[in-house]
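Close look at the chain arrangement
The lines below spell out each chain.
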Amino acid sequence: MCNQKGGVGKTTTTVSLGAALVEYGRRVLLVDFDPQGALSASLGVQTMDDPTIYDLLMGTVKDTRSVIVPSLIQDLDVLPANIDLSAAELQLVNEVAREQALSRALRQVTGDYDVILVDCQPSLGLLAINALTAAHGVLIPLEAEYFALRGVALLVETVEKVQDRLNPSLELDGILITMFDSRTLHAREVSARVREAFGDKVFDTVIPRTVKFPDASVAARPITEFASSHPAAEAYRRVARELISRGGAP
């Protein structure tokens, strides 16, 4: 889950899509790969005194399973993060195969899950490169707003570089339009331009703008649990079905 622009719905999408995939019978691991730790907080996972993804990257903890925390939802687990992760980029710079630190940490548990979703920080730095190197596919949440659209070309270029140099199996699973307000001409125009530029790479489903998402985060529950019948929850279920049909969540 990658986009160098903040506030486009990456964490919300990671949590909501993960919970929706669980409803469709998948066992899911959510990897919090943002030093802000928003994903961990939004599922009520405490991170201050326990080991996190940072400890795995640095090698101070070797057993990935010992760091994974079960969420309140069965078959939805979390690999947590906190502000310590912000130091990882500097510390990894001089490491051998520094782009593969996350791959090494996840290799132990890939057989335990049907889907692993990595919530990246809003940056195209070394942590994002680690995530793209470890991934089979990248999903780009894109706010229906003009300035959000401008940065997508740079992100796609980065994805192509990682494909070429580090991870030939990486694919663009799709672009998901988020925070969509159908009442505004601006949102409709941005949506049309994205579909014109990226064609069938854009998910058919759009995610509406709603206050239910921050409410769900405060309650430390995914939208699919917090407001199960809300249109936003149904939207993420449709995204899950689309991702499954595209082969991104077998």
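Scroll up for the structure.
The following refers to the structure shown.

**Some points on helix α12 (residues 231-245)**
The end-to-end C-alpha separation of α12 is 21 Å, in line with the 21 Å expected for 15 residues at 1.5 Å each. Three or more residues of α12 are buried, namely A232, A233, A235, Y236, R237, V239, A240, E242 and L243. Packed against the buried residues of α12 are α1 (10-23), β5 (137-143), β6 (171-180), β7 (202-208), α10 (212-218) and α11 (223-226). Note on α12: the residue one or two positions beyond its end, G247, has a positive phi of about 85°.

**What to know about the sheet that holds β5**
Taken together, 3 strands build an open sheet; the order of strands is β5-β6-β7 and the sheet is parallel. The sheet terminates laterally at β5 and β7, the two strands that pair on one side only. Averaged over neighbouring strand pairs, the angle between their axes works out to 25° when direction is ignored.

**Some words on the pairing of β7**
Judged from the 3 bridges that link them, β6 and β7 form a sheet pairing that is parallel. Along β7, the bridge assignment pairs I175 with V202. Read from β6 through helix α9 (residues 185-198) to β7, the crossover connection turns out right-handed.

**Quick word on the side chain of T205**
As for its position among the elements, T205 is in strand β7. The residues touching T205, leaving out its near neighbours within four places in the chain, are L176, A235, R238, V239 and E242.

**Some remarks on the packing of aromatic side chains**
In this structure the tally under the stated criterion is 2 aromatic pairs. Seen in terms of ring centroids, F213 and Y236 are 5.9 Å apart; in terms of plane orientation they differ by 80°. Their pairing is edge-to-face. Taken together, the positions of F213 in helix α10 and Y236 in helix α12 put the pair 23 residues apart, joining distant regions of the chain. The pair F213 / Y236 is uniform in exposure class, with both members buried. Across the ring face of F203, the terminal group of R246 is positioned such that the distance to the ring centre comes to 4.3 Å.

**Some details on the nonpolar core**
Of all hydrophobic cores here, the largest spans 49 residues; its most connected members are F33, I53, L57, L79 and L85. Setting aside chain neighbours within four positions, we find F33 in contact with I53, L57, L85, L102, V118, D119, C120, Q121, L127, N130 and A131. Grouped together as the second largest cluster of nonpolar side chains are 33 residues, L17, L21, V22 and L243 included.

**Remarks on the pattern of salt bridges**
For the structure shown, the criterion picks out 10 salt bridges. Between E157 and K161 there is a salt bridge, with the nearest N and O atoms lying 3.7 Å from each other. A residue pair is termed a helical-turn pair when its members lie 3 or 4 positions apart in one helix, as E157 and K161 do in helix α8 (residues 152-165) at 4 residues. By relative accessible area, E157 is classed as partly exposed at 39%. A relative accessible area of 39% places K161 in the partly exposed class. Put simply, R237 and E234 hold a salt bridge, and the shortest N to O gap is 3.0 Å. In this pair, R237 and E234 both sit in helix α12, 3 residues apart, roughly one turn of the helix. Among the residues examined, R237 registers a relative accessible area of 8% and is labelled buried. By relative accessible area, E234 is classed as partly exposed at 33%. By sharing partners, the salt bridges in this structure join K5, E143 and R209 into a single network.

**So, the sheet that holds strand β3 (residues 76-79)**
Reading across from one edge, β2-β3-β1-β4 is the order of the 4 strands in this open sheet, with mixed pairing throughout. Taken across any chain shown, the strands that pair with only one partner, and hence form the sheet edges, are β2 (69-70) and β4 (115-120). The sheet contact formed by β2 and β3 spans 2 bridges and is antiparallel. The residue of β3 that forms the bridge with V69 is V78. Contacts from α1 reach β1 (28-33), β3 and β4 within the one sheet, and its direction differs from that of β4 by about 170°.

Criteria and thresholds
Numbering of residues begins from 1 in every chain and follows the order in which that chain's sequence is written. With the structure being a predicted model, the display of local features is reserved for residues of pLDDT at least 70 and the display and counting of side-chain atom pairs for 80 or more, all residues being used for whole-chain, interface and lining totals. Heavy atoms from the whole structure form the basis of all side-chain values; hydrogens and water molecules are not counted. Where helices and strands are cited, they refer to DSSP runs of H or I of at least four residues and of E of at least two residues respectively, numbered from the N terminus. For a helix, the expected span equals 1.5 Å multiplied by the number of residues minus one. Per-residue accessibility, obtained with a 1.4 Å probe over protein chains only, is compared with the maximum for each type, and a residue is labelled buried under 20%, exposed over 50%, and partly exposed between these values. Whether two residues touch is decided by their heavy atoms; if any such pair falls within 4.5 Å, the residues are in contact. Think of it this way: DSSP has to see at least two bridges between two strands before they count as a pair. The axes are straight lines fitted to the C-alpha atoms, using for helices just the contacting stretch, and the angles between their N-to-C directions are given from 0 to 180°. With the strands pointing away from the viewer, any crossover whose connection runs clockwise from the first strand over the helix to the second is right-handed. Only rings of Phe, Tyr and Trp enter the pairing, Trp through its six-membered ring, and a pair is recorded when the two centres are within 6.5 Å. The plane angle decides the type: under 30 degrees is stacked, over 60 is edge-to-face, the rest tilted. Working rule: Lys NZ or Arg CZ, within 6 Å of ring centre, within 35 degrees of ring normal, means a charge sits over the ring. By nonpolar core is meant a set of buried Ala, Val, Leu, Ile, Met, Phe, Trp, Tyr and Cys residues that side-chain atoms within 4.5 Å join together. Any carboxyl oxygen of Asp or Glu that lies within 4 Å of a side-chain nitrogen of Lys or Arg is treated as forming a salt bridge with it.

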